[in-house]
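Observations on the three-dimensional arrangement
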Amino acid sequence: MQRSPGVLTSSFLLGLVSLVGASSLQVGPAAAQSSLFKLTTTRLVASSATVGGSTSVPYGWLDFCHRRPKECKVPALPATSVKLTAQNMSILKRINQKANRSIKPVSNYDHWGTMMDHWDYPVDGKGDCKIYALYKRKLLQEAGFPRQALLMTVVRDLHDEGHTILTVKTDKGDFVLDNLVDEIRPWNATGYYFLKRQSQQNPNSWVSINQRGGTAKRFPSS
């Protein structure tokens, strides 16, 4: 049975207590969990990107849906966010690194022989940024994360080139999973120019963003 990522087991809480230290032991597991989470996330100060109205859907997503209709013929759902517990942050880091290390980077043209964007899963272990982001979205859904919080996102990177990442909506702001960086970063610490992303309610609808994601920052892995 798949465990919800928002649920912490008693053994995990006990592990948190031992990590926080003797002073935390005096205040109980709940306080220990809170103390440890503050220690591991003080550098992750995120906000939520302000989105605009409906915008054009990327060709690559339309083509992906044509080839894999079951992935896109899904009902509209209420918007929701992931509770950013220490456990959920650990899952995000693990899946981001797993995808980044298991897929061999190759350009869209070299991979598919076309300049038209081709979005897909890493069926042959290779791909560009869209393949990484789609794979992470798939793995996180399989881990129990809600679809409405996992949003394919199109940006301009630090070299002003087109790039695709995965935005994860959380109760502590928007975080991104990026094939160029192993760390999980707040959207406003990327320095990217955010163009558009999937609607939370319907993955086949896209909304505009059109704003700079702060100044690029790198965070040491914890």
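Okay, so let's go over this structure. Model, not experiment: these values are computed from the prediction.

In this structure, the second largest pocket encloses a volume near 150 Å³. Considering the residues around the second largest pocket, the lining is formed by Pro 105, Val 106, Gly 127, Asp 128, Cys 129, Tyr 132, Asp 157, Glu 161, Gly 162, His 163, Asn 179 and Leu 180. Listed by contribution, the elements that provide at least two residues to the lining of the second largest pocket are α8 (129-142) and β5 (162-170). Of the residues contributing to the lining of the second largest pocket, the split by class is 5 nonpolar, 4 polar and 3 charged.

The geometry of a pair of packed helices is captured by two quantities: the angle between their axes and the separation between those axes. At a minimum axis separation of 10 Å, helix α6 (residues 86-102) and α8 run at an interaxial angle of 140°. Here α6 is positioned oblique relative to α8, judged by the angle of their axes. Handedness of the crossing formed by α6 with α8: right-handed. In this structure, α6 uses Ile 91, Leu 92, Ile 95, Asn 96, Lys 98, Ala 99, Asn 100 and Ser 102 to contact α8, whose residues at the interface are Tyr 132, Tyr 135, Lys 136, Leu 139 and Leu 140.

With the rule as written, the count across this model stands at 11 salt bridges. For Asp 128, the salt bridge is made with Lys 130, and the minimal N-O distance between the two is 2.8 Å. Considered together, Asp 128 and Lys 130 belong to a single accessibility category, that of buried residues. Between Lys 138 and Glu 142 there is a salt bridge, with its nearest N and O atoms 2.7 Å apart. Here Lys 138 and its partner Glu 142 are both found in helix α8, 4 residues apart, which amounts to about one turn of the helix. On the accessibility criterion, Lys 138 (28% relative accessible area) is partly exposed. Several salt bridges converge on common partners, so that one network encompasses Asp 63, Arg 67, Arg 68 and Asp 120.

Turning next to the state of the cysteines. Applying the stated criterion across every chain, the model contains 1 disulfide. In this model Cys 65 forms its disulfide with Cys 72; the gap between the sulfur atoms is 2.0 Å. A torsion of -80° about the S-S bond marks the disulfide between Cys 65 and Cys 72 as left-handed. Each of the two residues, Cys 65 as well as Cys 72, counts as buried.

Let us now look at the nonpolar core. Of all hydrophobic cores here, the largest spans 33 residues; its most connected members are Trp 61, Phe 64, Leu 92, Leu 140 and Phe 145. Among residues more than four places away in sequence, those in contact with Trp 61 are Cys 72, Trp 119, Leu 134, Arg 137, Gln 198, Pro 203, Asn 204 and Trp 206. Core analysis: the second largest hydrophobic core is formed by 8 residues, Val 155, Ile 165, Val 176 and Phe 194 among them.

What counts and what doesn't
Residues numbered from 1 in each chain as written. Predicted model: local features only at pLDDT ≥ 70, side-chain atom pairs only at ≥ 80, totals over all residues. Heavy atoms only, no water. 1 Å grid on protein atoms, 1.4 Å probe; cavity = no way out; pocket = protein on both sides within 12 Å on 5 of 7 lines; lining within 4 Å. Points joined across faces, edges and corners; volume = space filled by probe spheres on them. Helix = DSSP H or I, 4+ residues; strand = E, 2+ residues; numbered from the N terminus. Nonpolar A, V, L, I, M, F, W, Y, C, P; charged D, E, K, R; others polar. Axes fitted to C-alpha atoms, helices over the stretch in contact; angles between N-to-C directions. Parallel < 35°, antiparallel > 145°, perpendicular 65-115°, else oblique. Left-handed = near helix turned anticlockwise from the far one by under 90°. Contact = heavy atoms within 4.5 Å. Salt bridge = Lys/Arg side-chain N within 4 Å of Asp/Glu carboxyl O. Buried < 20%, exposed > 50% of the residue type's maximum accessible area, 1.4 Å probe, protein only. Disulfide = S-S within 2.5 Å. Core = buried A, V, L, I, M, F, W, Y, C linked by side-chain atoms within 4.5 Å.

That's the geometry; what it means functionally is another story.
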